[in-house]
Structure formats: C-alpha cells, structure tokens
Amino acid sequence: MWTFYPYGAYGYLNGNRTSYFPPFQHQGMNYYYNSYIDPHQYMNDYRQRPIRGQATWTTGGQVTKCGIPWSKNEYMTVAVGENSPFKCGQTLKIRNLSSLGQREIIVTVVDTVQGYPANKINLHRNAFIALGANPNVGIIDVEIIPSPQLEEERWGKYLLEIAQMAYPTYNVTEYNFVSRSQLSPSRTRETYEFILQAPDGSIKIQGNVIYNPITDKVLSLDMKEVEHFRYY
C-alpha cells in the first residue's frame with residue numbers, strides 16, 4: 001500500500017515524484033422529466049446506453065482533435081466519429097464480442113474520425129491488442145459501454161489514472177464506487193475499487209481519497225491490492 005500527501009511532503013509513485021493534484025473540471029448531467037422529448041435528455045440517455053458496433057485500430061499521431069495524446073493511460077485510448085455522442089476526455093468501456101471470454105478494457109476518447117458512424121470506433125493498436133484481438137484481423141465486433149458514474153465521480157477518475165500509472169502493464173477492466181463517509185466537516189473519504197488485467201491474471205485494487213469538501217483539495221490518498229486472480 002502507498003499513501004500520498006499532495007499538499008505536504010512529496011509522494012513517490014514508481015519513481016515519479018507527485019507533489020500536487022490538478023483539479024478536475026466536472027459537469028453534471030441534466031435530466032428532464034417532461035411529457036415531451038427533450039433533445040438534451042435524448043442525448044444524455046444515448047450517451048449512457050451500451051452500443052454494439054465495430055472497432056478498428058490505429059497507431060495514433062502527434063496531434064489529436066481533443067488535444068489529448070494517444071499515449072494517455074498507457075495507450076488505452078480511442079477515436080470516435082465526428083458526430084458521435086461520446087466526447088473528448090470521456091471514459092468508455094469496450095467489450096470484445098468477436099472472441100470467447102469477451103475481454104474488456106477502459107479507454108479515454110482522444111480523437112475523432114471523419115465519416116465514422118456513432119457505433120464505430122478507432123482504438124489505439126495497444127488497446128486493440130489488450131482486447132485479445134489480432135491486429136491482422138483489422139476490425140472486430142465490440143460493445144461500447146459509457147461510464148456516466150465515472151464521469152461524475154471525479155476522485156474515482158483520478159484514482160483510476162493513478163492505478164494506471166502504478167500498473168503500466170495492466171489494463172483496467174472494471175471500476176466501482178464503494179463508499180463515501182464524512183470524517184469531519186473538512187474531511188470526506190471516498191473509496192473505489194478497480195480490476196486490473198494482465199496476461200497471466202488480474203488484481204483488485206482498492207483506492208481511498210480523503211479531501212476537504214470546502215476547499216476541494218486532496219489531503220491524502222492510498223491504494224492497495226486486495227485480491228489476486230490467476231489464469232491457468
């Protein structure tokens with residue numbers, strides 16, 4: 001287990017010094033319960049529904065439409081169609097429907113592709129391989145699963161990025177919010193769990209973040225391995 005104190009002494013993660021945590025911009029979703037169909041409601045609902053489609057792969061490039069590099073999160077990144085409901089920086093779970101076991105990964109939207117429909121995506125080659133797909137195949141059937149709760153829970157999203165940094169050879173396949181508790185008027189703790197997958201097995205990681213809800217600053221965070229799953 002390791003613990004960070006971003007506003008005190010420096011913390012270390014895999015040899016990289018971490019001294020502060022940049023704030024996350026958070027925008028909640030609006031829901032409407034009127035008798036007519038509101039276009040905003042339709043788009044929000046559409047963004048949250050699983051979609052079956054296809055995935056191709058790319059090696060990326062130096063410049064992206066989102067300004068987010070293809071190398072983000074160990075290349076677990078994806079481009080979507082220009083008219084896709086999925087937006088820059090959004091987190092998506094991708095499930096491979098073309099092979100047994102239906103392997104899953106979590107990716108970040110970093111670019112757009114002209115002419116791609118809403119149910120077609122272009123994964124980075126590393127992400128394509130992480131799904132258990134052979135690049136020589138070129139295209140696979142997938143299910144695209146938005147993670148609206150992850151978009152709303154900013155501390156969980158930050159812990160997810162820390163987990164990806166700490167386990168660069170693993171791919172995150174599951175994300176779960178566990179609990180939130182008020183320790184004091186100026187201290188709130190949130191707990192999250194992640195499943196990380198490697199070729200020989202998976203591990204469950206539990207992360208805790210304590211922050212000041214008044215100033216919105218992180219006071220400390222820790223992560224630990226709580227369970228191992230081996231493949232035989």
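You'll find the structure just up there.
Think of each chain on its own: its residues are numbered from 1, step by step along the sequence as written. Residue-level local features of this predicted model are given only where pLDDT is at least 70; pairs of side-chain atoms are given and counted only at 80 or more, and the full residue set underlies all totals for whole chains, interfaces and linings. The basis for every side-chain value is the complete set of non-hydrogen atoms in the structure, without hydrogens or water.

## Let's talk about the environment of Q102
Within the element layout of this structure, Q102 appears in the loop between strand 6 (91–96) and strand 7 (104–113). When the C-alpha atoms of Q102 and L131 are compared, they prove to be 8.1 Å apart, with 29 residues separating the residues in sequence. Apart from the residues lying within four places of it in its own chain, the contact partners of Q102 are R95, N96 and L97. Under the scheme used here, helices are H or I runs from DSSP no shorter than 4 residues and strands are E runs no shorter than 2 residues, and both carry numbers assigned from the N terminus. In this analysis, two residues are considered to be in contact whenever any of their non-hydrogen atoms come within 4.5 Å of each other.

## Brief notes about the state of the cysteines
Any cysteine sulfur atom paired with another within 2.5 Å is treated as part of a disulfide. Inspection of every chain in the model, using the stated rule, returns one disulfide. Note on cysteine connectivity: C66 is disulfide-linked to C88, with sulfurs 2.1 Å apart. Between C66 and C88, the disulfide has an S-S torsion of -75° and is therefore left-handed. Residue C66 is located in the loop between strand 4 (51–58) and helix 2 (72–75), and its partner C88 is located in the loop between strand 5 (77–81) and strand 6; the two are separated by 22 residues in the primary sequence.

## Some words on the sheet that holds strand 8 (residues 120–124)
Pairing in this closed barrel of six strands is mixed, and the strands run 4-8-5-7-6-9 around the ring. Mean inter-strand twist for the sheet, computed between neighbouring axes without regard to direction, equals 45°. The sheet contact formed by strand 6 and strand 9 (residues 140–146) spans five bridges and is antiparallel. When the sheet's bridge partners are listed, R95 is paired in strand 9 with E143. When DSSP finds two or more bridges between two strands, those strands count as paired. Every axis corresponds to a line fitted to the C-alpha atoms, with the helix fit spanning only the stretch in contact, and the corresponding angles, defined between N-to-C directions, vary from 0 to 180 degrees.

## Remarks on the packing of aromatic side chains
We call Phe, Tyr and Trp rings a pair once their centres come within 6.5 Å, taking the six-membered ring for Trp, and we label the pair stacked below 30 degrees between planes, edge-to-face above 60, and tilted otherwise. According to the stated counting rule, one finds five aromatic pairs in the structure shown. Look at Y175 and F194: their rings are 5.7 Å apart centre to centre, the planes differ by 45°, and that puts the pair in the tilted class. In this pair, Y175 is assigned in strand 10 (residues 171–184) and F194 in strand 11 (residues 187–198), connecting sequence segments 19 residues apart. There is no split in this pair, since Y175 and F194 are both buried. One aromatic cluster is present, built from ring pairs that chain together Y175, F177, Y192 and F194. A ring has a charge above it when a Lys NZ or an Arg CZ is no more than 6 Å from the ring centre and no more than 35 degrees off the ring normal. The residue whose ring lies beneath K120 is Y116, and the NZ or CZ to ring-centre distance is 4.6 Å. The cationic tip of R125 hangs over the ring face of W57; the distance from NZ or CZ to the ring centre is 5.4 Å. Per-residue accessibility, obtained with a 1.4 Å probe over protein chains only, is compared with the maximum for each type, and a residue is labelled buried under 20%, exposed over 50%, and partly exposed between these values.

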